[in-house]
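Here are the chains, one letter per residue:
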Amino acid sequence: MGKYKSYDFLKKLYFIRQSATDGELKAANMIKQECENIGVPAWIEEFEVDHPLIKNASVNFYKPDFSPECVGVGMSGNTPIDGLEGDFVYVENEEVANVIDIKDKICLVHSKIIPQKLYKILVEKGAKGIIECCGDVYRNSNDVDLDPYYYRERNYKFGKIPAVCIRLKDAEKILNANPKRAKIINIEDEVKGTSRNVIAEIKGTEHPEEIIAFTAHYDSVPFSKGIYDNATGSTTIMQLLAYYVKNPPKRTLRFIWCGSEEIGLLGSKAYVDAHKEEIKKTYKLNINVDMTGVTIGYDIACVTGPQSLVDNINYYAKEIGFAIKPRMGVYSSDSSPFADVGVPAISFARLSSQGGAQIHSHRDVIDHLNAAPYYKTCDFITSISDKWINSVCFPIPKEIPENMKTELDYYFFRKERP
């Protein structure tokens, strides 16, 4: 086999890969087969996820009358067949003045991601129904995906308020019209689906008991072929797999393609939970890749780990002349569950500039990617990983600073940010 070209495999993943769907299963099997084509056996680990099936959804406003297009919000609970009707109110935020009188009312919230603090208040204050919003006020309706951010466990642990989602542009029209009442219908089957992590391993030649985990999620959101987010990360770690087949590492490498990242990092959470004791004893570092290859953009490294690791990346990048911005922080991807159990984690990404390539929509297309920056990022991740993986003594302490532990508590909603 000549030099492996993962950009060719990237083009094959150009389809919708939503959690717990046939598309995600197809991608998992393709990744497994590609590992085996390269020469590394791979296996699949299944896990269960929420997979709500919306059967009927509508919203109607009265005086004046208006019925915008909507979708039901999964895991929000069912309304009666003929709907929930109540006085209509716009809840701008969690400030007391906004929520002082919302009992039995239909509440519009101008986001599809309701902050946990606000959602808890809506439950406690007795809101009857919620209308979420997606998109922006500038684009035409046919350019805005009606894609609700369905409830996560962190929401429905407080209780369920039936919800629908409309476009923000329609919400603006509604608020200008000032209707007095609204009715929503959301009928769904709240079922479980199956998602999958794909895993491959290359044993270390000198320190097989020390493991470095490479991760990337391969699922996409609905409506999106997710070529940038995150087929690129998935094929970047495939490039690394091919490299280490030809260049056997001193330490063991575990490659994990995570499913269902887009609905709450569920693949990496499931993996960490299933391998918790092994991770505590043997895992030294997690290297996550979440989006590469965009033409107009810039490279970053977000380290949930010691400051010395940030300095290490910064020093090496300057030494070889690679433009990257390393920083300490919590990155919203599959690195975070590893850091949360004490494994230093890095997320490498090439982020799009403002006005550039977009993620989480039908606009995530291959037109905005380019093989040159893609391979440049691949080469940097390979070269710096190689230094750590093949070091005489592993240079990265297995520790998570206290400020990062606090940030992880905020990120995973165990603590409320002041």
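Residues numbered from 1 in each chain as written. Predicted model: local features only at pLDDT ≥ 70, side-chain atom pairs only at ≥ 80, totals over all residues. Heavy atoms only, no water.

## Things to note about helix α10 (residues 307-320)
In step 1: With 14 residues, α10 ought to run about 20 Å at 1.5 Å a step, and its terminal C-alpha atoms sit 20 Å apart, in line with that.
In step 2: Within α10, the full set of buried residues consists of L309, V310, I313, Y316 and A317. Seen along its axis, α10 keeps its buried residues to an arc of 140 degrees; they face one direction. Along α10, the residues that are exposed and aim more than 90 degrees away from the buried face are Y315, K318 and E319.
In step 3: Buried residues along α10 sit in contact with β12 (283-289), β13 (297-304), β14 (324-328), β15 (345-352) and α12 (371-389).
In step 4: Where α10 terminates, the next one or two residues include G321, which has phi positive at roughly 80 degrees. (Helix = DSSP H or I, 4+ residues; strand = E, 2+ residues; numbered from the N terminus. Expected span 1.5 Å × (residues − 1). Buried < 20%, exposed > 50% of the residue type's maximum accessible area, 1.4 Å probe, protein only. Arc of directions from axis to C-beta. Contact = heavy atoms within 4.5 Å.)

## What to know about the sheet that holds strand β7 (residues 163-167)
In step 1: Strand order across the open sheet formed by seven strands is β2-β8-β4-β5-β6-β7-β3, with mixed pairing between neighbours. On the outer flanks of this sheet lie β2 (53-62) and β3 (71-72), each paired with one strand and no other.
In step 2: Both β2 and strand β8 (residues 181-189) contribute to a ladder of nine bridges, which runs antiparallel. Looking at β8, one finds that V59 is bridged to I184. (Pairing = 2+ DSSP bridges.)

## Remarks on the nonpolar core
In step 1: With 64 residues, the main nonpolar core has L241, W257 and W388 as its most contacted residues.
In step 2: Sort the elements by how many residues they give to this core and helix α7 (residues 227-246) lands first, with nine residues.
In step 3: Aside from chain neighbours lying at most four places away, what touches W257 is I31, C35, R196, N197, V198, A200, A216, Y218, S234, I237, M238 and L241.
In step 4: Counting residues in hydrophobic clusters, the runner-up holds 27 residues, among them F47, V49, V89 and I121. (Core = buried A, V, L, I, M, F, W, Y, C linked by side-chain atoms within 4.5 Å.)

## Section: the packing of α10 against α12
In step 1: Following both chains from N to C, one finds α10 and α12 inclined at 125 degrees, their axes separated by 11 Å at the closest point. It follows that α10 is oblique to α12 by the angle criterion. Two packed elements cross with a definite hand, and for α10 against α12 that hand is right-handed. Contacts between α10 and α12 involve L309, N312, I313, Y316, A317 and I320 from the first element and F380, S383, I384, K387 and W388 from the second. (Axes fitted to C-alpha atoms, helices over the stretch in contact; angles between N-to-C directions. Parallel < 35°, antiparallel > 145°, perpendicular 65-115°, else oblique. Left-handed = near helix turned anticlockwise from the far one by under 90°.)

## A look at the packing of aromatic side chains
In step 1: Per the counting criterion, the structure on display carries 13 aromatic pairs.
In step 2: The interplanar angle of 85 degrees and the centroid separation of 4.9 Å between the aromatic rings of Y411 and F412 together place this pair among those described as edge-to-face.
In step 3: By relative accessible area, Y411 is classed as partly exposed at 23%.
In step 4: Above the ring of F15, the side-chain terminus of K26 is found at 4.4 Å from the ring centroid.
In step 5: Cation over ring: K325 sits above Y298, and NZ or CZ is 5.6 Å from the ring centre. (Phe/Tyr/Trp six-rings, centres within 6.5 Å; stacked < 30°, edge-to-face > 60°. Lys NZ or Arg CZ within 6 Å of the ring centre and 35° of its normal.)

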